[in-house]
Amino acid sequence: AYFHPHESLSRAEFLKIIINTAGWIKPTLVLNVAFNDVSSESWYSPYVSVGISRGLLENTTLFRPNDPITRAEASMMLMKSLWISLYEPMSMPYSDVNMNSDFAKYIEWVTYLNIFSGQLKNGNRIFRPYDSISRSEIAKVVVNTFSLE
């Protein structure tokens, strides 16, 4: 098996990493999964059940398990896994993140807690919220997140 540090990770794979790293127990019996694209037979359905019960996943009709996880989605799941009450963003250090976006408060907090960092591009700090996150970045942010506890 190889790590492939520059490749992306799917949403289902990322969810499994968070749940396992947090030490949450994966159910042996899959609870009712509300997503139309998650079969109870899939390898990730128990993790989706935990993700729903722990509040990591938004209540929508699609989970998109095989889509690459984005930096914004990873920020949201990581912050929700810490159970920190977040206030709405006060300021946004990144020029490519709208203060009114659903992910703004999570991005502000992962930056404040030094879980994630942005980049400098043409003199502007950017976060690249909708870019997929590489496996090497995931390894770093998961370690950064769970070393806070």
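Predicted model, so just to flag it, every value in this text is computed and none were measured.

Calculation notes
Residues numbered from 1 in each chain as written. Predicted model: local features only at pLDDT ≥ 70, side-chain atom pairs only at ≥ 80, totals over all residues. Heavy atoms only, no water. Helix = DSSP H or I, 4+ residues; strand = E, 2+ residues; numbered from the N terminus. Buried < 20%, exposed > 50% of the residue type's maximum accessible area, 1.4 Å probe, protein only. Contact = heavy atoms within 4.5 Å. Salt bridge = Lys/Arg side-chain N within 4 Å of Asp/Glu carboxyl O. Axes fitted to C-alpha atoms, helices over the stretch in contact; angles between N-to-C directions. Parallel < 35°, antiparallel > 145°, perpendicular 65-115°, else oblique.

When you line up the elements, tryptophan 109 lands in helix H4 (residues 104–112). According to the relative accessible area criterion, tryptophan 109 is buried, its value standing at 12%. Measuring from C-alpha to C-alpha, the distance between tryptophan 109 and serine 134 comes to 20 Å, with 25 residues separating the pair along the chain. Setting aside residues no more than four positions away along its own chain, tryptophan 109 makes contact with Met79, Leu86 and Tyr87.

All chains considered together, the criterion is met by 7 salt bridges. The residue arginine 64 makes a salt bridge to aspartate 67 at a minimum N-O spacing of 2.9 Å. Of the residues examined, arginine 64 reaches a relative accessible area of 34% and is grouped as partly exposed. Classification of aspartate 67 as partly exposed rests on a relative accessible area of 31%. Where arginine 128 meets aspartate 131, a salt bridge forms, and the shortest distance between an N and an O atom there is 2.9 Å. Judged by its relative accessible area of 19%, arginine 128 falls in the buried class. Residue classification places aspartate 131 among the partly exposed positions, given a relative accessible area of 35%. One network of salt bridges, in which partners are shared, links Arg11, Arg64, Asp67 and Glu73.

Turning next to the packing of helix H3 (residues 71–81) against H4. As a packed pair, H3 and H4 sit with axes 8 Å apart at the nearest point and diverge in direction by 75°. The angle between H3 and H4 places the two elements in the roughly perpendicular class. Of H4, the residues touching H3 (which contributes Ala72, Ser75, Met76, Met79 and Lys80) are Tyr106, Ile107, Trp109 and Val110.

Remember, this is a structural readout, not a statement about activity or role.
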